[in-house]
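Survey of secondary and tertiary structure
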Amino acid sequence: MSTEVASTPKAAKPPPPPIPKDPSQRRQKRMIAEHFARLERAREEGRKVVYTFVPGNLTELIGSLGMLPVLPEINALQSGMRKKSAGFIAEAEKAGHSEDVCTYVKCDLGMARSGNVGPTGRKLPSPDLLLLSYTGCFTFMKWFELLRQEYDCPVVMLHVPYQAEGRIRDDMRAYVASQLREKVIPAMEEAAGRRLDLDELAGRLELSRRAEEDLVAVWESARHRPSPIDGYFGGVYYVGPIFSAFRGTEEAVSYYRELRAEVEARMARGEGPMTPDGRLLEERYRLVVEGPPNWTHFNDFWRMFSRESAVVVASTYTRVGGLYDTGFRHDPSRPLDSLAEYCLGCYTNLSLPARVDLLARYVERYRADGFLINSVKSCNSFSAGQLMMLRTLEQRTGVPGGFIESDLVDPRYFGKSNIENRLQSFLQMLDARRRGAYA
Amino acid sequence: MKCVVGIDLGSTTTKAVLLDPEGGVLGRGITNSRSNYEVAAAVAREEALTSARFALLERAVAGDGGAVQELFAELERAFRLEIYLDHLAALRQEIEALVAAPWMSADRAALEPAAAEVLAQVEERAPSLFAAGAERRSDFFRDLAGAAYMAAAEAVAARRGAPYDRLLALYDRAILEVETRLLHHTFEELVERAIDRLRAAGGDRRPAALRRRLAPVLAEPIEELAFAGTGYGRQTLPFPKEAIRSEILCHGRGAHRIFPGTRTVLDIGGQDTKAIQVDAGGVVTAFQMNDRCAAGCGRYLGYIADELNLGLHELGPLALKARKTVRVSSTCTVFAGAELRERLALGQAREDILAGLHRAIMLRAMSLLARSGGIDNELTFTGGVCKNPMATRILKELVAESYGDGITINVHPDSIYMGALGAALFARDDLRAGRPRRLPTFAAAA
């Protein structure tokens, strides 16, 4: 005998409210999507494709030769944000990659092995050239070694000396420029099937310079109280175009002009930045953040800050592609030297004392109440030395530091309650220290 | 009496502290955190209120002679026995309902009389647990009743040929229900019952004197004017957001309150370890916590105790008997359990292996302390694990090795209450600043 059980229809779960975004965020998203669409058409349009990295990227050179860049880290972080990284990482682990390896690498390799369909669902073209433009991260070298096995295409490497003394010496600049001239550009010309037009390169560098001016104005807006920007969570949107495929284009110039106008209008109105829950209405804590964000729980992570009325006034992660706010701009009058300086100047190429100097500058310039390190165990470029940096910075600035741990794109390493616990403790510590001794 | 309340809802135990307006500790309560945090918080707070009442009674009779004081001590024991018996009655009810359940029909004939006999023995032996000078291995009903039930079940099963495992399973099932239920009784009712019990034991004169002395104390209301909560389950407390405080700040402040020389705090709880630096005023300046993995916390010891069929409190004293410290290579709790079995199989002494396991825990704590900025004199050790004498001994050795002999290490018998104490001090700040908190609604008796 069977009893029929009437199934009650489950109440449909209401869809979560859409995450509010500023016009610049929406435009940035469109631009990135257009780039992936362009990549999908590259083969049929006969365009060549260069795989390269974000730190010190050579976007103007790539563009001047009519080629398109694919940035594996951006693919990985976009896959993380779109909840696809766990599957890709599992795929890479199945292929024999260890649990402790940089999760960007595993996510990217897993994606390549799963048909190389990019985060927006469009197929990515195979590379015509692997351009290893930054050697400060040893993992990058291994990464491209693996990609070369996968694609069997030419590789060119630009050796970028580390700023051990915290500055770029003339010989370092000359060394990088000569590699560009003698090795990198010829290899790129070979892959592109055409010669580099120096005038075109200079024209692109001028466009870069203009966009960079506006981006720096955006960073500087955080000196205002309340800050009209979030320089970390919002900041990753702001650096999207300039660090990916758009630097040195009119599109980027216009994006940054609009972004700056948007931010300045907010500043004039005394408004705070956008958060996943809408406009930040109160600014209780101004923080400087060191280290990359977590991408798999990006909005959850952001809310942990915004719901405590904490705004990030400056971050080092948004300087990984290149550093503009200490004065560097691409210079059309000396193209190769300025490209060399750009490569040498990206954040992770700075010595630890120079990183501390920069963080101290941010703490003071943007009048931060505290600074926070998000340490990512699988990223040695960022994480080595961070606790030492924390202590030194506390002594230098007298501003308290906090420490949390997560990962780039492996969702298994994001412990929500643990991170929340530490962050709230840190913010309450800032409160207690502002108030002074207990009664 | 006006007071403020701090509650520390930990992953293993829930603590409550009542402070008078001057910051003096009026009462304390502790219970095991069950699957139901709400009940745990309510029970801990009830216990704190009860202990505050007895503290007030003690103050009231402080000037009286020793005979009166002894009488009050007797009253408190009788009072606690009454609570224990109420819980036993609830346990009996649960077990009887389980035995009567339809799916038990096959075993009922064997189980029913066996369970009845076990429960009768447990009830019969209850008064001895609360006799003068009796040593109770735990203050939690689960542990006390569990030990008594197990002993009785073993004897009954052996004699009747009843299934021992099934008898234990009944307890395991029933205790979950009992500990997540709030029993309805007021302090006054329980005191009356306790007095009746004393009368039955010792004649009529004493209870009359007791009542006279009790009346003014019982008449004095205990007003809870402000609350603050902390601990692993703090978000589930029925408190407004502003009354939820970080564990780090609470532990730092509580430890500094008890030992004002404290500059570094090590707190090892059930599933997290915290290394906290505080300034001369007790304000936190830096901290580190374990991340991703809870090996090296209290639960690690709990797991090892289970593996060895020992009570948690027996581990430390046993490890102290070690003649050498076996080097345990695993930091993972599960691997350490495997290593333990392997070494036992190789014939190594239990106490020597235990010494190694304790050392492994404390090494992890030392690493966390180093990452938080090192150890500044004085170091205060708090949390459930500081009750373990082997843990404190190894901590002393390791601190001396790395930081020299100049570090004073403070351990207080009530260290487990530091978080709740810190929370209560934050509640007191609110009260003083004219921000009294609306009293929360706690779980009510069913």
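Basis of the calculations
- Residues numbered from 1 in each chain as written.
- Chains lettered and ligands numbered in written order.
- Predicted model: local features only at pLDDT ≥ 70, side-chain atom pairs only at ≥ 80, totals over all residues.
- Core = buried A, V, L, I, M, F, W, Y, C linked by C-beta atoms within 7 Å.
- Buried ≥ 20, exposed ≤ 12 C-beta atoms within 10 Å, placed from the backbone.
- Contact = placed C-beta atoms within 7 Å.
- Pairing = 2+ DSSP bridges.
- Helix = DSSP H or I, 4+ residues; strand = E, 2+ residues; numbered from the N terminus.
- Axes fitted to C-alpha atoms, helices over the stretch in contact; angles between N-to-C directions.
- Parallel < 35°, antiparallel > 145°, perpendicular 65-115°, else oblique.
- Left-handed = near helix turned anticlockwise from the far one by under 90°.
- Nonpolar A, V, L, I, M, F, W, Y, C, P; charged D, E, K, R; others polar.

1. Details of the nonpolar core
Among the nonpolar cores identified, the biggest contains 217 residues, and A:Leu287, A:Val288, A:Cys343, A:Phe371, B:Val5, B:Val17 and B:Ala424 are the most heavily contacted of them. Discounting chain neighbours no more than four positions away, the residues touching A:Val288 are A:Val313, A:Ala314, A:Ser315, A:Leu359, A:Tyr362, A:Val363, A:Tyr366, A:Ala368 and A:Phe371. Ranked by size, the runner-up nonpolar core spans 36 residues in total, among them B:Leu91, B:Phe130, B:Leu144 and B:Leu170.

2. Here we look at the sheet that holds strand 6 (residues 273-278) of chain B
All names here are of chain B. Overall, mixed pairing links the 5 strands, which are arranged 7-6-5-8-9 in an open sheet. The open sheet has two edge strands with one neighbour each: strand 7 (284-289) and strand 9 (409-411). Each strand of the sheet is rotated relative to its neighbour by a mean of 20°, with strand direction disregarded. Both strand 5 (residues 264-268) and strand 8 (residues 379-382) contribute to a ladder of 4 bridges, which runs parallel. Counterpart to Val-265 in the pairing with strand 8 is Thr-380.

3. A few points about the sheet that holds strand 2 (residues 68-70) of chain A
Residue and element names in this part refer to chain A. Strand order in the open sheet formed by 4 strands is 2-1-3-4, and the pairing between neighbours is parallel. The open sheet is flanked by strand 2 and strand 4 (155-157), the only strands paired with a single partner. On average, each strand axis in the sheet is inclined to that of its neighbour by 30°, with strand direction left out of account. Here strand 3 (residues 129-132) runs beside strand 4; their pairing, made up of 3 bridges, is parallel. Following the sheet pairing, Leu-131 is matched in strand 4 by Val-156. Its contacts with the sheet put helix 6 (residues 138-151) on strand 1 (49-52), strand 3 and strand 4, and the angle it makes with strand 3 is roughly 175°.

4. Section: the packing of helix 2 (residues 66-100) of chain B against helix 6 (residues 187-202) of chain B
Residue and element names in this part refer to chain B. Between helix 2 and helix 6, the least distance of the axes is 8 Å, while the angle of their chain directions is 115°. The angle between the axes of helix 2 and helix 6 places the two elements in the roughly perpendicular class. For the pair helix 2 and helix 6, the crossing hand works out as right-handed. Residues Glu-74, Leu-75, Ala-78, Phe-79, Glu-82 and Ile-83 of helix 2 form the contact with helix 6, whose own contacting residues are Leu-190, Val-191, Arg-193, Ala-194, Arg-197 and Leu-198. Tallied by class, the residues present in the contact of helix 2 with helix 6 amount to 8 nonpolar, no polar and 4 charged.

The analysis is restricted to geometry; functional conclusions fall outside its scope.
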